[in-house]
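Okay, here's what each chain looks like letter by letter:
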Amino acid sequence: MSLDAVQVMSGQVKELKVSPSSNGDARGSWEGKEEFDPNQLELTTKPKPVTGRRARKVEGAVFFPKPENAVTVAVSSRVLFRTEREQKVFEQKGVEEYLRYQIEHENEPFAPGPAFPFVKALEVVNARLRELYPESEELFDIVLVTYNHAHVGIRLINTINHHNLFIERFCMTGGSSPIGYLKAWHTNLYLSADAEKVREALAEGIAAATMFMPEKLTEVSESQLRVAFDGDAVLFSDESECIFKTHGLDKFFEHEKENEDRLLDHGPLKGFLEVLGKLQKKFYAKGQRLDCPIRTYLVTARSAASSGIRALKTLRAWGLEIDEALFLAGAPKGPMLEKIRPHIYFDDQMFHVEGAAEMGTAAAHVPYGIAQKYNSQQKMSSGKTENSSFMTSPLTYRSSSRQIRYRPAGKLCSAYPEFTEPHMFSLPGASINRQ
Amino acid sequence: MVSTVTNSDVKQKDVDQAVVVAVTFAAVFGPEAEDGSTVYRLGAALPLLQRVNERLLEKNSAEHQLFDVILITTDSWQQQQSSSIINSTRHHGLEISRFCFSTEDNYVESLMQNNVQLFFTTDGNEALQATHQGVPSAMLDKNSVSCPSEQLRVLFCENAIIQPNMGSTEASKKSAQNFLAHLGQMRQKFGVSDSPLCFTLVTSHGGKDSCCCALKSLRSLGVSVDEAYCLGGAPRGPILSLLRPHFLLSDGFSLLEG
């Protein structure tokens, strides 16, 4: 099959440059491509040979890394693709009708969902890793873990083929909990649309987050994976967060000053940052520090001059490097994230997740720690059963969760003059490069 | 010398429409008799088959497409326990319509004579032998047999679908497909949830495309799979231990290693 045919079929690809080293990724923009014309697409179920990618394929270790050696990222079908139409069918007409609908539309691929750019970026990193370390199994391994029934399987596989994704492993559990399978796959990160499943995964010690579909997704880099993390209750435990919520900002500052030299406890996503760091070191070892296709960011409401110090000391003690640390001292995170353009941003507070989503960042909510008590009090919908827990629009959380926020920077300036501007603090070795 | 005994306690099934399955002694009963009596302990496999029948009859009391279960002995020692076996069957009220008391030399023949469509055993060698002679066989997972479960869980491994029973004849391939079609029809009678039967597909090697092929082949035989796992070379053990299948349809039978 020629490259031209691929171009016509996907409709998303503006120009397809396949260099021998690429992992089959297309250079084109991913945003706003929700409409597709089914008549234009001629999908077969045969594998689409993509030159460049398959050319390097070898049976065995390189092609399929062992789960314990690879960095396994499990995504659910609802975050990888957009399935709102089908969700409506499920909610309104029940599971049998939903499955019938899926089978009927089997040859129509789904549109990309919020986790799609992230997964594509993982593949780019894999391509670079394979170039440098052709025998290594330390790659990203993407597994589709969904509690859909296998009836939807063919449509999902068709969609994966249509978008040229490199996903060769999946679990369709037909309604039973996927948590056991996550463990069997040595999952390092689990992304789902279902907060219940994510909570279960967190309880089992697996880094997990709920993703929401923003109204618009800004364009992100296609050559560099960018992952941004909140600090408290994401990388670190929520101990300081607790102080802030129960005793207020002043007590929080006091507490952090007193405990500056005591390490924070680790949070649910520390492990994922760790594995990202390991992969980064592989690039550094080959002299590619400046051109590293993985970049990590800390975006925290802590402030650089005081409470941020403890965060940095903790990271250093853990031996974790983070490329850029942004201490916002309470300023809204949305605009900063809009500049960074991460492929994914993890935060424990829905307020921040929404704020980020408003500006087009793919934000993921980590339902961990004390902030959840405040989030859940504002939950709008009720009566969700296990099967129908498709997430509601994040905007429903908006009006009520605004009550819980850090004081806006303006108000702080009278008492704490040094906190009027967000403090950006870059660690040595990294260049401040917003694009 | 094979003797076939009809169980008069049980209503005989419709010859044309019932799905004849043979289950070995070891698959039905536990290894030891209960406390010195002549009654054997019951394993979990048969009650599950019976449950499927019960549920099918609930849906339609005139249903004929049921499991017709035959108990078969596969060695001389077992053959000699015939009265204990019949006794135990009565004791537990099992829905076994016939007994075939054969030995290791002639059990395959008995299988064929009784038009057995699927042969259940806990012994890999027995399964292989039967397969080679054209009787589709399935291994009963010894571990799962002792786990309580509401559903009869059937696991399809890719080899059985794409190249069923390597080395066997056209006729036996046909009968394997026939059996799968029957299973598919039985499954169709129940809805998506709350079904006494659950079908799972596991493809170990090859990526999504071989899984897709397997799903389509099964669908063309009328079998709709509930769960699907594409392992892409990952070790099977951890996934199998989570799935807890009761019986596995595959060729090779080397898979219960972990």
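All figures in this text were calculated on a predicted structure; none of them were measured in a lab.

Engineer: Kindly report on the layout of surface pockets, identifying the contributing residues and their values.
Structural biologist: What the largest pocket holds in volume is close to 580 Å³. Lining the largest pocket are 36 residues, and of these Tyr147(A), His149(A), Gly174(A), Gly175(A) and Ser176(A) lie nearest its centre. Those elements giving two or more residues to the lining of the largest pocket turn out to be helix H2 (77-80), helix H4 (95-104), strand E4 (140-146), helix H7 (179-184) and strand E6 (187-192) of chain A together with strand E10 (197-203) and helix H11 (236-243) of chain B. Tallying contributions element by element places H4(A) first for the lining of the largest pocket, with 3 residues. Partitioned by chemical class, the residues of the lining of the largest pocket number 15 nonpolar, 15 polar and 6 charged.

Engineer: Describe the pattern of salt bridges, with residues and values.
Structural biologist: All names here are of chain A. Under the criterion given, the structure shown has 33 salt bridges over all chains. Residue Asp 194 is joined to Lys 197 by a salt bridge in which the shortest nitrogen-to-oxygen separation is 3.9 Å. Grouping residues by exposure puts Asp 194 and Lys 197 together as buried. Its salt-bridge partner being Arg 199, residue Glu 196 comes within 3.6 Å of it at the nearest N-O pair. Taken as a pair, Glu 196 and Arg 199 lie in helix H8 (residues 195-203) at a separation of 3 residues, close to a single helical turn. Given the relative accessible area of 38%, Glu 196 is considered partly exposed. By relative accessible area, which is 31% here, Arg 199 ends up partly exposed. In this structure, a network of salt bridges that share partners links the residues Asp 232, Glu 239, Glu 256, Arg 302 and Arg 310.

Engineer: Break down unusual backbone geometry for me, citing the residues and quoting the values.
Structural biologist: Residue and element names in this part refer to chain A. One non-glycine residue, Asn 164, adopts positive backbone phi at about 55°. Note that Asn 164 resides in the loop between helix H6 (153-162) and strand E5 (169-172). Phi at Arg 341 is positive, roughly 55°, even though this residue is not glycine. Mapped onto the fold, Arg 341 is located in the loop between helix H14 (334-340) and strand E11 (344-347).

What counts and how
- Residues numbered from 1 in each chain as written.
- Chains lettered and ligands numbered in written order.
- Predicted model: local features only at pLDDT ≥ 70, side-chain atom pairs only at ≥ 80, totals over all residues.
- Heavy atoms only, no water.
- 1 Å grid on protein atoms, 1.4 Å probe; cavity = no way out; pocket = protein on both sides within 12 Å on 5 of 7 lines; lining within 4 Å.
- Points joined across faces, edges and corners; volume = space filled by probe spheres on them.
- Helix = DSSP H or I, 4+ residues; strand = E, 2+ residues; numbered from the N terminus.
- Nonpolar A, V, L, I, M, F, W, Y, C, P; charged D, E, K, R; others polar.
- Salt bridge = Lys/Arg side-chain N within 4 Å of Asp/Glu carboxyl O.
- Buried < 20%, exposed > 50% of the residue type's maximum accessible area, 1.4 Å probe, protein only.

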